[in-house]
Amino acid sequence: METSDAVDLIRGAVSGTGGTWADLGAGTGTFTRALAELVGAEGTVYAVDRDPYALAWLTGPARPGPGGARLVPLVADIRSPLPLEGLDGVVVANALHFVPRGDQERVLGLVASYLRPGGALVLVEYDQRLGSPWVPHPVPPRRFADLARAAGLGAPREVGRRRSRYGPRDIYAAVALT
């Protein structure tokens, strides 16, 4: 996915420039770059991934260009407590489906705890019910609604959808507020 596609997918969940956001499970930074573009130079984006080599892409030529947010790489596992608090928003893009189904509620609750009141938790996932080697524990929209409620978040609202290039399923983005 190109950064412009990621921007289009999550734009409806990012309420303007500035603020402090995190991209959990950032990988090589597609959604980190999208967030940096959306929050602009007034914002800060934490890029969190357990793979330091993936995060290295954010400091190389693919890093956000002028006008983008300040980036803070953080090598950590999203399944463990992170040194984050009072965030305006968090994006979890194609990462929650790697958390075993029985642990997703706990992890989403942990992620929600990093948000300020009124903060946004944005989930980007494949809209599928059956697991695969690439999406072992899917989180379709209905499951996200159940997980969000259990985490003390409001009802999710879909903000974007596009066809996946890896098959007949869609990728969706939904936001739930604290």
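See the structure shown above.
Residues numbered from 1 in each chain as written. Predicted model: local features only at pLDDT ≥ 70, side-chain atom pairs only at ≥ 80, totals over all residues. Heavy atoms only, no water.

(A) Main features of helix 5 (residues 141-150). Burial in helix 5 covers these residues: Arg143, Phe144, Leu147 and Ala148. The buried side chains of helix 5 occupy one side of the element, clustering within an arc of 135° when seen end-on. Facing away from the buried side of helix 5 by more than 90 degrees, the exposed set consists of Arg142 and Arg149. Tucked into the core, helix 5 has its buried residues touching helix 4 (101-112), strand 5 (115-126) and strand 7 (170-177). Phi turns positive, to about 80°, at Gly152, one or two residues after helix 5. (Buried < 20%, exposed > 50% of the residue type's maximum accessible area, 1.4 Å probe, protein only. Helix = DSSP H or I, 4+ residues; strand = E, 2+ residues; numbered from the N terminus. Arc of directions from axis to C-beta. Contact = heavy atoms within 4.5 Å.)

(B) The nonpolar core, seen in detail. The biggest cluster of nonpolar side chains holds 31 residues, and the ones touching the most others in it are Leu24, Leu84, Val90, Val92, Leu96 and Phe144. Only strand 1 (19-24), strand 4 (87-93), helix 4, strand 5, helix 5 and strand 7 provide two or more residues apiece to this core. Here this core gets 5 residues from one element, more than from any other, and that element is helix 4. When near neighbours in sequence (up to four residues on either side) are disregarded, Val92 contacts Leu24, Val111, Val122, Leu123 and Val124. One finds Ala13, Val14, Val159 and Ala173 within the second-largest nonpolar core, a separate group that totals 26 residues. (Core = buried A, V, L, I, M, F, W, Y, C linked by side-chain atoms within 4.5 Å.)

(C) Local environment of the sheet that holds strand 4. If you walk across this open sheet you meet the 7 strands as 3-2-1-4-5-7-6, and the pairing is mixed. Each end of this open sheet is capped by a strand with a single partner; those strands are strand 3 (70-75) and strand 6 (157-163). Ignoring strand direction, the axes of neighbouring strands in this sheet form an average angle of 15°. Two strands pair when backbone bridges link them, and strand 6 and strand 7 are joined in this way by 6 bridges, in the antiparallel orientation. Pairing of Arg163 across the sheet is with Asp170, part of strand 7. On the sheet, helix 1 (residues 3-10) packs against strand 4, strand 5, strand 6 and strand 7 and is oriented at approximately 150° with respect to strand 6. The sheet strands contacting helix 2 (residues 30-39) are strand 1, strand 2 (43-49), strand 3, strand 4 and strand 5, and the helix crosses strand 2 at an angle near 170°. (Pairing = 2+ DSSP bridges. Axes fitted to C-alpha atoms, helices over the stretch in contact; angles between N-to-C directions.)

(D) Just helix 4, in detail. The end-to-end C-alpha separation of helix 4 is 17 Å, in line with the 16 Å expected for 12 residues at 1.5 Å each. Along its buried surface, helix 4 packs onto strand 1, strand 4, strand 5 and helix 5. (Expected span 1.5 Å × (residues − 1).)

(E) Expanded view of the packing of helix 1 against helix 2. Between helix 1 and helix 2, the least distance of the axes is 8 Å, while the angle of their chain directions is 65°. In the crossing of helix 1 with helix 2, the sense of the turn from one axis to the other is right-handed. Residue-level contacts link Thr3, Ala6, Val7, Leu9 and Ile10 of helix 1 to Thr30, Phe31, Arg33, Ala34, Leu35, Glu37 and Leu38 of helix 2. Residue classes in the contact of helix 1 with helix 2 are distributed as 8 nonpolar, 2 polar and 2 charged. (Left-handed = near helix turned anticlockwise from the far one by under 90°. Nonpolar A, V, L, I, M, F, W, Y, C, P; charged D, E, K, R; others polar.)

(F) Structural detail: the pairing of strand 4. In terms of burial, strand 4 is largely enclosed, as 6 of its 7 residues are buried. As paired elements, strand 1 and strand 4 share 4 bridges and run parallel to each other. Paired with Trp21 across the bridge in strand 4 is Gly89. Bridge count for strand 4 against strand 5 is 6 bridges, and the pairing is parallel. Within strand 5, the residue paired with Ala93 across the bridge is Val124.

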